[in-house]
Protein chains: 2
Amino acid sequence: MKEIRIAVDAMGGDEAPRMPVAGACLAARSLGVSISLVGKADLIHRELERISPTPPMELITIIDTPEWIEMGESPSTALRAKKSASVLVAAGLVAKGEAQAMVSAGNSGAAMGAAVLKMKTLPGIERPAIAIMLPTMKGEVIFLDAGATVDCQPKNLFQFAQMGSAFARTRFKIDAPRVGLLSIGEEPTKGNSLTRAAHELLANNGLNFIGNIEPKEMLRGGAEVVVCDGFVGNISLKVLEGLAELMFGLLAEELGEVFADKALQAGLKNIKRKLDWAEHGGALLLGVRGLCIISHGRSTANAIAKAIQVGKEAVDSQVLASLA
Amino acid sequence: MKEIRIAVDAMGGDEAPRMPVAGACLAARSLGVSISLVGKADLIHRELERISPTPPMELITIIDTPEWIEMGESPSTALRAKKSASVLVAAGLVAKGEAQAMVSAGNSGAAMGAAVLKMKTLPGIERPAIAIMLPTMKGEVIFLDAGATVDCQPKNLFQFAQMGSAFARTRFKIDAPRVGLLSIGEEPTKGNSLTRAAHELLANNGLNFIGNIEPKEMLRGGAEVVVCDGFVGNISLKVLEGLAELMFGLLAEELGEVFADKALQAGLKNIKRKLDWAEHGGALLLGVRGLCIISHGRSTANAIAKAIQVGKEAVDSQVLASLA
């Protein structure tokens, strides 16, 4: 089997380069994948030296880049100004076939922009989408767009549905994944002007389209794929995060001593983990001619290692071929 | 003090007329408000006869209407076809000053439409908004629009902010309530084309505008008022409902026997109640020249009684005068 190499943006994330470097070492050791650490070489070396036990250096290559894009920067401005930013170089490695996937926990707008610039979009796809695996009562749902394309036209939602459906076929190994359109009521007329127009497109184009789906039904496991525009998707994700936090806060308040119960604490921790997509290691950017995994800014080393694993699995399952 | 009279759409709700009638009787007894029960008189009488102890009939008037609007009907079509539908008659009572507020747990599109048709919008307000009280770590936030206006222009969001701010002044008794714009990042450039344009309007027009606010910060209590378009607001609300359900499901699964613990169950029940806006008795439709409270279709008698209380408090605190 061909070597799998993942390009990791070593400068991306709230605690970069520490977490990306540590995560890359974890993944190299446990998965046996080769890693290209892209970023400022002296900073990367310094982090590598801290790691114990000694990382599997035979699997790790350092690609020195003089600059990188900070979290707060405007993606479009920064991508124009910093041609050798780590995230651009990482995306370039994938575009040139020198790596099979890239992982970045940095500025997510910049990561998407870099992927689109270097890899280009897939034929027939005008805008990319971030696909996230959300937990449901029955397993998982592929939810997209989680934030790549905030202003969508109906055809974008249709393309997201096509990509989500292809991804679901390889991910869940089913022939005709059910695709729902996130909306505020089940009837086709319920929704806004975007969803009403998208509903028509989705209904007549060979997808296993089950119509509008409300968030509650999505979280019950009513579809394998749910599409919405990137603004609504990102807000939904952030409501999930915020409510999980609020509920744990309310629980602590309501329960007093009971809250300290060990079994309860362990159970809550598991649920927190299930709901926390940062822990899942990241989301796949669908719609570009290459694999790009976007991780949460606050990713730990474990989360980065999981993102690398997501990348490896996407290579193994030939997600790209199924999308094309 | 002048008598307060609330018009209740007796035919609105999943379990109408039972729940609206029972809720009206509860409210009449506990709050001493007069109630006009609007709907099919024989059905209302039949429900009144079931109620024990005997309802305070001196406070209850029945307004007989031959027709009503069902949950699944298209609001615009139904409002045109059924001129004497209970919800239209109830809105008419408020418009004519024969009631100070109306409550409906029926088809919410029809309730909004009826209120706009009969009461007209306030001067300077083009579209109405549903304002909901959401729980936060620090108390409550006024969240609007929760579903009245699904396709918004920037000026609509600005008008929602003005109304929310006026409502917050009377509700929280503070001079300059903090107003946030729901978005996917704090920087003014984060968001979609609607929020970016709205941000400019909100920033320069005499509000205590704190800029974009993310859902997590909203649920932490970072603002007294948060505005968004009605599609995003309704989706957010439904994500909250869905996640609450999912978390209780996951907890039961994770905890096994521990889940049966009495103190835990009691605490969870309290939290469920806090998060369930149906239990709060309903939301205020802001932007019309009259008070209209929209309740959840699955409202219990208690929820209807609370909605009537929300109406009474809105009358008492002169919300309308502050909005005008």
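Another point: the sheet that holds strand S4 (residues 101-104) of chain B. Residues and elements named next belong to chain B. Judged by pairing direction, the sheet is mixed, and its 11 strands sit side by side in the order S3-S2-S1-S4-S11-S10-S5-S6-S9-S7-S8 without closing on themselves. One side of each edge strand has no neighbouring strand; the edge strands of this open sheet are strand S3 (60-64) and strand S8 (209-213). Sheet twist, expressed as the average angle between the axes of neighbouring strands with direction ignored, equals 25 degrees. As paired strands, strand S1 (residues 5-9) and strand S2 (residues 34-39) are joined by five bridges and run parallel to one another.

Residues and elements named next belong to chain B. Of the two faces of strand S11 (residues 291-294), the one lined by Leu-291 and Ile-293 and the one lined by Cys-292 and Ile-294 are each fully buried. Relative to S11, S4 runs parallel, the two being bridged by four bridges. Among the inter-strand pairings, Val-103 is bridged to a residue of S11, identified as Ile-293. Bridge analysis of strand S10 (residues 283-286) against S11 gives two bridges, and the strand direction is antiparallel. The partner of Leu-284 across the bridge, within S11, is Ile-293. A loop of four residues connects S10 with S11, the two strands running antiparallel in sequence, and Gly-287 in this loop sits at a positive phi of about 115 degrees.

Now for the sheet that holds strand S9 (residues 225-227) of chain A. All names here are of chain A. Strand order in this open sheet of 11 strands is S3-S2-S1-S4-S11-S10-S5-S6-S9-S7-S8, and the pairing throughout is mixed. Strands with a single pairing partner mark the edges of an open sheet, and in this sheet they are strand S3 (60-64) and strand S8 (209-213). Each neighbouring strand pair of the sheet contributes to a mean axis angle of 25 degrees, computed without reference to strand direction. The strands touched by helix H6 (residues 154-172) within the sheet are strand S5 (129-135), strand S6 (140-144), strand S7 (179-182), S9 and strand S10 (283-286), with S6 carrying the most contacts at an inclination of about 150 degrees.

Much of the literature gives interface size as the accessible area that the parts lose upon coming together. With 51 residues of chain A in contact, the opposing surface of chain B contributes 51 residues. For the interface between chain A and chain B, the tally reads eight salt bridges. Of the residues assigned to the side of chain A that touches chain B, the class counts are 26 nonpolar, 12 polar and 13 charged.

Here the focus is the pattern of salt bridges. Per the stated rule, a full pass over the model turns up 28 salt bridges over all chains. Between Arg-50 of chain A and Glu-47 of chain A there is a salt bridge, with its nearest N and O atoms 3.4 Å apart. In this pair, Arg-50 of chain A and Glu-47 of chain A both sit in helix H2 (residues 41-50), three residues apart, roughly one turn of the helix. Residue classification places Arg-50 of chain A among the exposed positions, given a relative accessible area of 51%. Residue Glu-47 of chain A is classed as buried on the basis of its relative accessible area of 8%. The residue Arg-220 of chain B makes a salt bridge to Glu-217 of chain B at a minimum N-O spacing of 3.6 Å. With Arg-220 of chain B and Glu-217 of chain B both in helix H8 (residues 215-220) and three residues apart, the pair spans about one turn of that helix. Under the relative-accessibility criterion, Arg-220 of chain B is labelled partly exposed at 34%. The partly exposed category is assigned to Glu-217 of chain B, whose relative accessible area is 32%. Bridged by salt links that share partners, the residues Arg-18, Glu-47 and Arg-50 of chain A form one connected network.

Before going further, it helps to examine the side chain of Asp-9 of chain A. Residue and element names in this part refer to chain A. With respect to the helices, strands and loops of the structure, Asp-9 is situated in strand S1 (residues 5-9). Despite its burial, Asp-9 pairs with no opposite charge; the closest candidate is Lys-82, at 11 Å N-O. Asp-9 has contacts with Pro-20, Val-38, Ser-86, Val-87, Val-103 and Ser-104, leaving out every residue within four places of it along the chain.

Looking now at a positive patch on the surface. All names here are of chain A. On the surface, Arg-80, Lys-83, Lys-96, Lys-118 and Lys-120 cluster together to form a positively charged patch. Along the polypeptide, Lys-96 turns up in the loop between helix H4 (86-95) and strand S4 (101-104). You can call Lys-96 exposed: its relative accessible area is 58%.

It is worth spelling out the environment of Ala-266 of chain A at this point. All names here are of chain A. Within the secondary structure, Ala-266 sits in helix H10 (residues 262-275). The class of Ala-266 is partly exposed, set by a relative accessible area of 42%. Spatially, the C-alpha atom of Ala-266 lies 33 Å from that of Gly-164, the residues being 102 residues apart in sequence.

All names here are of chain A. Contact geometry for helix H1 (residues 18-31) and H2: axes closest at 9 Å, N-to-C directions at 55 degrees. The orientation of H1 with respect to H2, classified from their angle, is oblique. At the point where H1 passes H2, the crossing takes the right-handed sense. Side by side, H1 and H2 meet where Arg-18, Val-21 and Cys-25 of the first sit next to Ile-44, Glu-47, Leu-48 and Arg-50 of the second. Its residues assigned to classes, the contact of H1 with H2 shows four nonpolar, no polar and three charged.

Let us look at unusual backbone geometry. Going from Ala-16 of chain A to Pro-17 of chain A, the amide bond is cis rather than trans, its omega being 0 degrees. Structurally, the position occupied by Pro-17 of chain A is in the loop between S1 and H1. The backbone of Lys-173 of chain B sits at a positive phi, close to 55 degrees, despite the residue not being glycine. Mapped onto the secondary structure, Lys-173 of chain B falls in the loop between helix H6 (154-172) and strand S7 (179-182). Residue Gln-318 of chain B is not a glycine yet carries a positive backbone phi of 55 degrees. Along the polypeptide, Gln-318 of chain B turns up in the loop between helix H11 (301-316) and helix H12 (319-323).

Once that is clear, we can look at the packing of H6 of chain A against helix H7 (residues 193-203) of chain A. Residues and elements named next belong to chain A. In contact at an axis separation of 8 Å, H6 and H7 are set at 50 degrees when each is read in the N-to-C sense. Viewed along their axes, H6 and H7 adopt a mutual orientation that is oblique. H7 is crossed by H6, and the crossing has right-handed handedness. Residues Pro-154, Lys-155, Leu-157, Phe-158 and Ala-161 of H6 form the contact with H7, whose own contacting residues are Leu-194, Ala-197, Ala-198, Leu-201 and Leu-202. When its residues are assigned to classes, the contact of H6 with H7 shows nine nonpolar, no polar and one charged.

Parameters and conventions
Residues numbered from 1 in each chain as written. Chains lettered and ligands numbered in written order. Predicted model: local features only at pLDDT ≥ 70, side-chain atom pairs only at ≥ 80, totals over all residues. Heavy atoms only, no water. Pairing = 2+ DSSP bridges. Helix = DSSP H or I, 4+ residues; strand = E, 2+ residues; numbered from the N terminus. Axes fitted to C-alpha atoms, helices over the stretch in contact; angles between N-to-C directions. Buried < 20%, exposed > 50% of the residue type's maximum accessible area, 1.4 Å probe, protein only. Contact = heavy atoms within 4.5 Å. Salt bridge = Lys/Arg side-chain N within 4 Å of Asp/Glu carboxyl O. Nonpolar A, V, L, I, M, F, W, Y, C, P; charged D, E, K, R; others polar. Lys, Arg positive; Asp, Glu negative; His and termini not counted. Patch = residues over 30% accessible without salt bridge, like charges linked within 9 Å, V, L, I, M, F, W, Y side chains within 5 Å. Areas by Shrake-Rupley, 256 points an atom, 1.4 Å probe, with all protein chains shown as cover. Charge placed at Lys NZ, Arg CZ, Asp CG, Glu CD. Parallel < 35°, antiparallel > 145°, perpendicular 65-115°, else oblique. Left-handed = near helix turned anticlockwise from the far one by under 90°.

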